[in-house]
Amino acid sequence: MTKLSQRHLLGIKNITRQDIDLIFETAANFKEVINRPIKKVPSLRDVTIANAFFENSTRTRLSFELAEKRLSADTLNFSASTSSVKKGETLLDTINNILAMKVDMVVMRHASPGAPHFLARHIKANIVNAGDGTHEHPTQALLDGFSIHERLGEVGGKKVAIIGDILHSRVALSNIFALKKLGAEVMVCGPPTLLPRHIASLGVTVETDVKKALAWCDVANVLRIQLERQQIKYFPSLREYTLYYGITKKMLDTLKKPILLMHPGPINRGVELSSDAADSPHSLILDQVENGVAVRMAVLYLLAGAN
Ligand code: CP
């Protein structure tokens, strides 16, 4: 197979196992390219991509920008905080104005779940979801899966515990869909108030004891507390959260078998992860960031080919 089944990447829920395998295969080739002295290829010359970020980002935005530059695409960067959105312009008007400048693809982050799906129904350009509210963050799940595949040989059969604020996390949902499609066993772990009520219906095990989750898994993917999305208090204090759910290097070092530690970033050091855990040999965190560029190059390249 050389083509994706979709012309947009809106989420992992609607893509196939074959799509994921093709993205991983293509990303492995691009990873080799970006480690050469000349890191650029002409694959997307004459393709124009707008990065429309209506919500803050460091990693995803920089990673998409770099992926586009490595592929020789022309790029436009749009940030809601410095745009006419502040003057009341609608999402559709904003995007249609960007498209009037002959843009082929839009990479969009938005605080509202479903915003990229809405756009995909109204405009012709390919849409890549760079995170929509608490819904999905597909390229994060792809780079997480790719990083596990690269380090452990395969994802199938591996035990992955996703630990933290599952309720408000788009990374958790996209990871669950991706890991299940790749044949991993998935556990979610966090305080009961931060676990969605029907999460077990997605085929995951639910655990509230972080020590049991760490003892069970091959890979722990730790998420931050998404305070910006919490309207009420879900636990008494960050100090208490750290006491019960914070992961330290000592906890990792004393497990019966070594495990890998992942985090999508940004890390709240001293809350969900101690600094010595985040910077320990268990950590895949910076490999995830490096792989993000190759995975995003693969996604953009394959979507451009779908036209
Ligand atoms: N992992 C992630 O989405 O990070 P940013 O919010 O910095 O893009």
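Criteria and thresholds
Residues take numbers from 1 onward in each chain, read along the sequence in its written order. The model is predicted, so local features are restricted to residues of pLDDT at least 70 and side-chain atom pairs to those at 80 or more, both for listing and for counting; the totals for chains, interfaces and linings are taken over all residues. For side-chain calculations, the full set of non-hydrogen atoms in the structure is used, while hydrogens and water are omitted. The criterion for a residue being near a molecule or strand is simple. One of its heavy atoms has to lie within 4 Å of it. Contacts described as polar in this section are N or O atom pairs within 3.5 Å, which, within protein, must combine one atom able to donate a hydrogen with one able to accept it, while residues neighboring in sequence count only if both atoms come from side chains. Classes in brief: Ala, Val, Leu, Ile, Met, Phe, Trp, Tyr, Cys and Pro nonpolar; Asp, Glu, Lys and Arg charged; the others, Gly included, polar. Strand pairing is assigned whenever DSSP identifies at least 2 bridges connecting the two strands. The numbering of helices and of strands both runs from the N terminus, where a helix is a DSSP run of H or I of at least 4 residues and a strand a run of E of at least 2. Between N-to-C directions, angles span 0 to 180 degrees; the directions come from axes that are lines fitted to C-alpha atoms, helices contributing only their stretch in contact. Any two residues whose heavy atoms approach within 4.5 Å at even a single point are treated as in contact. Ring pairs are drawn from Phe, Tyr and Trp, using the six-membered ring of Trp, whenever the two centres fall within 6.5 Å, and their geometry is named by plane angle: stacked under 30 degrees, edge-to-face over 60, tilted for the rest. A 1.4 Å probe rolled over the protein chains alone gives each residue an accessible area, and that area as a share of the maximum for its type sets the label: buried under 20%, exposed over 50%, partly exposed in between. Source of the domain bounds: an automatic or database domain assignment. Accessible-area loss on putting two parts together, using a 1.4 Å probe and summing over both, is the definition of buried area adopted here. In these notes, a set of buried Ala, Val, Leu, Ile, Met, Phe, Trp, Tyr and Cys residues joined through side-chain atoms within 4.5 Å is what counts as a nonpolar core. For classification purposes, an angle smaller than 35 degrees is called roughly parallel, one larger than 145 roughly antiparallel, one from 65 to 115 roughly perpendicular, and anything else oblique. Two helices that cross are described as forming a left-handed crossing if the nearer one is turned anticlockwise from the farther one by less than a right angle, and a right-handed crossing if clockwise. In this scheme, a helix's expected span is set at 1.5 Å multiplied by one less than its residue total.

### Concerning the site of the ligand
Piece 1. As a matter of local geometry, the ligand sits amid Ser-57, Thr-58, Arg-59, Thr-60, Arg-109, His-137, Gln-140, Pro-264 and Gly-265.
Piece 2. Taking Arg-59, its side chain carries an N or O atom lying 2.9 Å from an oxygen atom of the ligand.
Piece 3. For the shell around the ligand, the residue count by class is one nonpolar, six polar and two charged.

### Focus on the sheet that holds strand E6 (residues 185-189)
Piece 1. Pairing in this open sheet of five strands is parallel, and the strands run E7-E6-E5-E8-E9 from one edge to the other. Sheet topology places strand E7 (205-207) and strand E9 (260-262) at the edges, where each strand pairs with a single neighbour. Shown here is a sheet whose adjacent strand axes are inclined to one another by a mean of 20°, direction ignored.
Piece 2. Pairing geometry for strand E5 (residues 159-163) and strand E8 (residues 219-222), over four bridges, is parallel. Within E8, the position partnered with Ile-163 by the bridge is Val-222.
Piece 3. Helix-sheet contacts for helix H5 (residues 138-152) involve E5, E8 and E9, and the interaxial angle to E9 is about 160°.
Piece 4. Of the strands in this sheet, E5, E6 and E8 touch helix H6 (residues 170-181), which is tilted by about 170° from E5.

### Considering the packing of aromatic side chains
Piece 1. One pass over the structure, following the stated rule, counts five aromatic pairs.
Piece 2. Here Phe-54 and Phe-78 contribute two aromatic rings whose centre-to-centre distance is 5.0 Å and whose plane-to-plane angle is 50°, an arrangement assigned as tilted. Of this pair, Phe-54 sits in the loop between strand E1 (48-53) and helix H2 (59-70) while Phe-78 sits in strand E2 (residues 74-79), and the two are 24 residues apart along the sequence.
Piece 3. Note on Phe-54: relative accessible area 15%, which makes it buried.
Piece 4. Site record: aromatic cluster; members linked through ring pairs are Phe-235, Tyr-241 and Tyr-245.

### Here we look at the environment of Ser-274
Piece 1. Tracing the backbone shows Ser-274 in the loop between E9 and helix H10 (275-278).
Piece 2. Each C-alpha atom of the pair Ser-274 and His-137 lies 25 Å from the other, and the pair is 137 residues apart in sequence.
Piece 3. Not counting residues up to four positions away in its chain, the partners in contact with Ser-274 are Ile-247, Thr-248 and Lys-249.
Piece 4. Polar contacts involving the side chain of Ser-274 include one to the side chain of Asp-276, which spans 2.4 Å.

### Notes on the domain arrangement of the protein chain
Piece 1. The domains assigned to the protein chain are domain 1 (12-137 + 289-305) and domain 2 (138-284).
Piece 2. Once you take the C-alpha centre of each, domain 1 and domain 2 turn out to be 25 Å apart.
Piece 3. Each partner contributes residues to the interface: domain 1 has 30 residues there, and domain 2 has 25 residues.
Piece 4. Contact between domain 1 and domain 2 buries roughly 2400 Å² in total, counting both sides, with carbon and sulfur atoms accounting for 65%.
Piece 5. Summed over the three residues of domain 1 that lose the most area to domain 2, namely Ile-12, Phe-24 and His-137, the buried surface amounts to 29% of that side.

### Describing the nonpolar core
Piece 1. In terms of nonpolar packing, the biggest core is built from 62 residues, with Leu-142, Ile-162 and Leu-300 touching the most fellow members.
Piece 2. Among the elements that line this core, the one with the most residues is helix H11 (residues 285-305), at 10 residues.
Piece 3. Three or more residues apiece are contributed to this core by two domains, here domain 1 (12-137 + 289-305) and domain 2 (138-284).
Piece 4. Excluding anything up to four places from it in sequence, Leu-300 contacts Leu-44, Ile-49, Phe-64, Ala-67, Glu-68, Leu-71, Met-105, Val-107 and Val-128.
Piece 5. The next biggest cluster of nonpolar side chains, apart from the first, holds 28 residues, and it includes Leu-214, Tyr-245, Met-251 and Ala-277.

### Here's the deal with the packing of H2 against H11
Piece 1. Relative orientation of the contacting elements H2 and H11 amounts to 55°, with a least axis distance of 8 Å. Comparing their axes, H11 and H2 come out oblique. In this structure, the crossing between H2 and H11 has a hand that is right-handed. Across the interface between the two elements, Arg-59, Thr-60, Ser-63, Phe-64, Leu-66, Ala-67, Glu-68 and Arg-70 from H2 touch Val-289, Gly-292, Val-293, Arg-296, Met-297 and Leu-300 from H11.
Piece 2. Of the residues contributing to the contact of H2 with H11, the split by class is seven nonpolar, three polar and four charged.

### What to know about H6
Residues spaced three or four apart along an α-helix face the same direction, because each turn holds 3.6 residues.
Piece 1. Counted at 1.5 Å a residue, the expected span for H6 with its 12 residues is 16 Å, and the 17 Å between its end C-alpha atoms agrees.
Piece 2. Within H6, nine of the 12 residues are buried, which leaves it mostly tucked inside the rest of the structure.
Piece 3. The set of residues buried in H6 consists of Arg-170, Val-171, Ala-172, Ser-174, Asn-175, Ile-176, Phe-177, Ala-178 and Leu-179.
Piece 4. In this structure Ser-169 caps H6, since a side-chain oxygen of it lies 3.2 Å from the backbone nitrogen of Val-171.
Piece 5. One or two steps after H6, the chain reaches Gly-183, where phi turns positive at roughly 90°.

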